[in-house]
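# Structural features, examined
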Amino acid sequence: MSDQVSRRALLRTGAAAGAALGVGAGAEAQAAEQWPRRQGRSMINVPFERHETVRVAIIGLGNRGGGMTGSFLAVPGVRITALCDVNATAAARAAKLVTDAGQPAPAVFAKGVHDFENMLRRDDIDFVYVATPWEWHVPMALAALRAGKHVGVETPFATTVDELWQLVDASERYQRHCMQLENCCYGQNEMRLLRMVHAGLFGELLHGAGAYIHDLRELLFSDTYYAGEWRRAWHTKSRLKGDLYPTHGLGPVAGYMDINRGDRIVRISAMGTPALGLAEYRKAHEQPDDSSWGERYVESDTTISLLQTAKGRVIRLQHDVSTPHPYSRLNHIAGTKGVFEDYPPRIYLEPRNTNDQWADFDEYKSYDHWLWTDVPPGPGGHGGMDYYMVYRTMQTLRLGLVPDMDVYDGAVWSAPVPLSSRSIDMGGVAVPIPDFTRGMWRDTRPGVDSPKPV
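Residues numbered from 1 in each chain as written. Predicted model: local features only at pLDDT ≥ 70, side-chain atom pairs only at ≥ 80, totals over all residues. Heavy atoms only, no water.

- By the naming in an unreviewed UniProt entry, the chain goes by Glycosyl hydrolase family 109 protein and is assigned to Kibdelosporangium banguiense.
- Check the Cofactor (unreviewed entry) section of the UniProt entry for the chain; it says "NAD(+)".
- Per UniProt, the comment on the chain under Sequence similarities (unreviewed entry) is "Belongs to the Gfo/Idh/MocA family. Glycosyl hydrolase 109 subfamily." (UniProt positions renumbered as here; feature names shortened; annotations may be inferred.)

Structure follows, in structure tokens:
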């Protein structure tokens, strides 16, 4: 069966169900039953096969993929066997990093946009890391799964509901893990907070917030940072006016709330501001003959979405990359016993805090995750979270463990990309988020807060 199965009828059903959500939970439950039937076995709680050495291939060696090469090389028991990029210079630069680290020269594939397909025919690849422009995430992940490789994809996982289902179906059909490698789930604050939530310090959870608020205007208009200025082009796509980058904020909050592990996100309602920031920046900084003057920006400068879970909890998401603002992912969680807010980190928990004054989050260092206390730091950016994400992912492969995150997590974390846009187009009406687990979300199971292997 083709991986390009049409689901137009499914999407029509979803839109109709979204309009009817105000009637009650029955409409939503009826719609959930109409999502596609599983075409293979579930990947929930499926361990990796054990690998003495994990053989890694990287597709995309620009800013992200090139920067992450060193993290893979620093993890014990990992070997980079293949590299792929349309830019032969970038591929050669990454290959030199591999040989400089004392590993054998990797196979290099740099003969056009489809050379990754030739790379995936190799039998010395266990795990494929995809760090390419967004439109290539799904075709590359699907090709890796068909070739019998596990695959980790950068954010966003996909940009349509249909593509999200394709990844879920293919992961189940080929019995290979397809993961969104969400580095923010491995941040020190996020992992400490996750352990505190699971220890019951916040009581019963009520609401949380996550975001990607990052002033990218200068980088979006750079002639060199994004090859071909590909990322700015996503702000011109009429079908996408909402949250283009939800996973950095949503991934950690979904972990706190045990999404797909006892609760699930059932609906989203979104609103967006006018798209003014990029045009204003262009007017102030770009020459009259710059190619960007032919572009019309439609992506909301700020998108705010409200998501509700099956247990009634509420998550607020925010996305803004085109206005002046200090960096923030919000990283907020609140329960019946207290609240945490990040940027800067501060906490208020009863019975310890009763004076209406925020407390220092460092008072809770004893809750740091074992990755941050027991594993020496490695190379990479974002304060160490990149390396710990790679370390832990490779560890689960080497030891034959269940991964911390799976295809169902990636799908629900990226579902706000198309569905926030759909809600905005419908005037903020709530639309349903599919149950990508097909009912298995009710089962409790470990996630990022997994025990240290013995």
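Still more ground to cover, so stick around.
## A few points about unusual backbone geometry
- With omega at -5°, the peptide bond leading from Thr155 into Pro156 counts as cis.
- Among the structural elements, Pro156 can be located in the loop between strand 5 (150–153) and helix 7 (161–174).
- Cis geometry marks the peptide bond from Glu350 to Pro351; its omega dihedral reads 5°.
- Tracing the sequence through the fold places Pro351 in the loop between strand 13 (346–349) and helix 13 (370–374).
- At Arg438, a position not held by glycine, the phi torsion is positive, near 55°. (Helix = DSSP H or I, 4+ residues; strand = E, 2+ residues; numbered from the N terminus.)

## Description of the sheet that holds strand 7 (residues 205–213)
- Spatially, the eight strands line up as an open sheet ordered 13-12-11-7-10-9-8-14, and their pairing is mixed. Strands with a single pairing partner mark the edges of an open sheet, and in this sheet they are strand 13 and strand 14 (431–432).
- Strand direction decides the pairing type here: strand 7 and strand 11 (residues 332–335), joined by four bridges, are antiparallel. Bridge assignment links Leu205 to a residue of strand 11, and that residue is Gly335.
- Sheet contacts for helix 11 (residues 247–256): strand 7, strand 8 (265–272), strand 9 (303–309), strand 10 (314–320) and strand 11; angle to strand 7, the most-contacted strand, approximately 160°. (Pairing = 2+ DSSP bridges. Contact = heavy atoms within 4.5 Å. Axes fitted to C-alpha atoms, helices over the stretch in contact; angles between N-to-C directions.)

## Let's talk about the UniProt feature "domain: Glycosyl hydrolase 109 C-terminal" (unreviewed entry) in the chain
- The UniProt feature table records "domain: Glycosyl hydrolase 109 C-terminal" (unreviewed entry) at residues 191–360.
- The span residues 191–360 shows a helical share of 21% and a strand share of 25%, and its end C-alpha atoms are spaced 16 Å apart.

## Details of the side chain of Asp320
- You can see Asp320 is positioned in strand 10.
- For the buried Asp320, which has no salt bridge, the nearest side chain bearing the opposite charge is Arg217, at an N-O separation of 7.6 Å.
- Looking at Asp320, its side chain comes within polar contact range of the side chain of Thr302, at 2.7 Å.
- Contacts of Asp320, omitting those with residues within four sequence positions, involve Tyr212, Ile213, His214, Asp301 and Thr302. (Buried < 20%, exposed > 50% of the residue type's maximum accessible area, 1.4 Å probe, protein only. Lys, Arg positive; Asp, Glu negative; His and termini not counted. Salt bridge = Lys/Arg side-chain N within 4 Å of Asp/Glu carboxyl O. Polar contact = N/O pair within 3.5 Å; in protein donor to acceptor, adjacent residues only side chain to side chain.)

## Brief notes about the pattern of salt bridges
- The final tally for this structure, using the stated rule, is 21 salt bridges.
- Across the pair Arg64 and Glu154 runs a salt bridge, and its minimum N-O distance is 3.0 Å. A residue pair is termed long-range when its members are at least 10 positions apart, and Arg64 in helix 3 (residues 63–74) and Glu154 in the loop between strand 5 and helix 7 qualify at 90 residues.
- Classification of Arg64 by relative accessible area gives partly exposed; the value is 21%.
- A salt bridge links Lys452 to Asp374, with the shortest nitrogen-to-oxygen separation between them at 2.9 Å. Remark: Asp374 occurs in helix 13 and Lys452 occurs in the segment after strand 14; sequence separation between them is 78 residues.

## Some points on the pairing of strand 8
- Bridge count between strand 8 and strand 9: seven bridges; the pairing is antiparallel. In the sheet register, Gly272 faces strand 9, and the bridge partner there is Thr303.
- Pairing analysis gives two bridges linking strand 8 to strand 14, with the strands arranged antiparallel. Across the sheet, the residue bridging to Ile268 is Val431, located in strand 14.

## So, helix 11
- Where burial is concerned, most of helix 11 is hidden: nine out of the ten residues are buried.
- All buried positions along helix 11 are accounted for by Thr247, His248, Gly249, Leu250, Gly251, Pro252, Val253, Ala254 and Tyr256.
- Positioned one or two residues after helix 11, Asp258 has a phi angle of 55°, which is positive.

## Remarks on the side chain of His248
- Its location among the elements puts His248 in helix 11.
- Judged by relative accessible area, His248 falls into the buried class, the value being 10%.

## Overview of the UniProt feature "domain: Gfo/Idh/MocA-like oxidoreductase N-terminal" (unreviewed entry) in the chain
- Within the UniProt annotation, "domain: Gfo/Idh/MocA-like oxidoreductase N-terminal" (unreviewed entry) is assigned to residues 54–179.
- Helix makes up 43% of residues 54–179 and strand 21%, whereas the separation of the span's terminal C-alpha atoms amounts to 16 Å.

## Some remarks on the nonpolar core
- Of all hydrophobic cores here, the largest spans 107 residues; its most connected members are Phe72, Phe202 and Met394.
- The element contributing the most residues to this core is helix 14 (residues 385–399), with eight residues.
- Setting aside its immediate chain neighbours within four residues, Met394 contacts Val54, Val56, Phe72, Val75, Val78 and Phe127.
- With 16 residues, the next largest nonpolar core counts Trp134, Trp234, Leu278 and Val321 among its residues. (Core = buried A, V, L, I, M, F, W, Y, C linked by side-chain atoms within 4.5 Å.)

## Side note on the layout of surface pockets
- Its volume calculated, the largest pocket comes out at about 1,200 Å³.
- Lining of the largest pocket is provided by 49 residues; of these, Gly62, Asn63, Arg64, Ala131 and Trp230 occupy positions nearest its centre.
- Breaking the lining of the largest pocket down by element, the ones donating at least two residues are helix 3, helix 4 (88–100), helix 5 (115–119), helix 6 (137–146) and helix 10 (230–233).
- Element by element, the count of residues in the lining of the largest pocket is highest for helix 3, at five residues. (1 Å grid on protein atoms, 1.4 Å probe; cavity = no way out; pocket = protein on both sides within 12 Å on 5 of 7 lines; lining within 4 Å. Points joined across faces, edges and corners; volume = space filled by probe spheres on them.)

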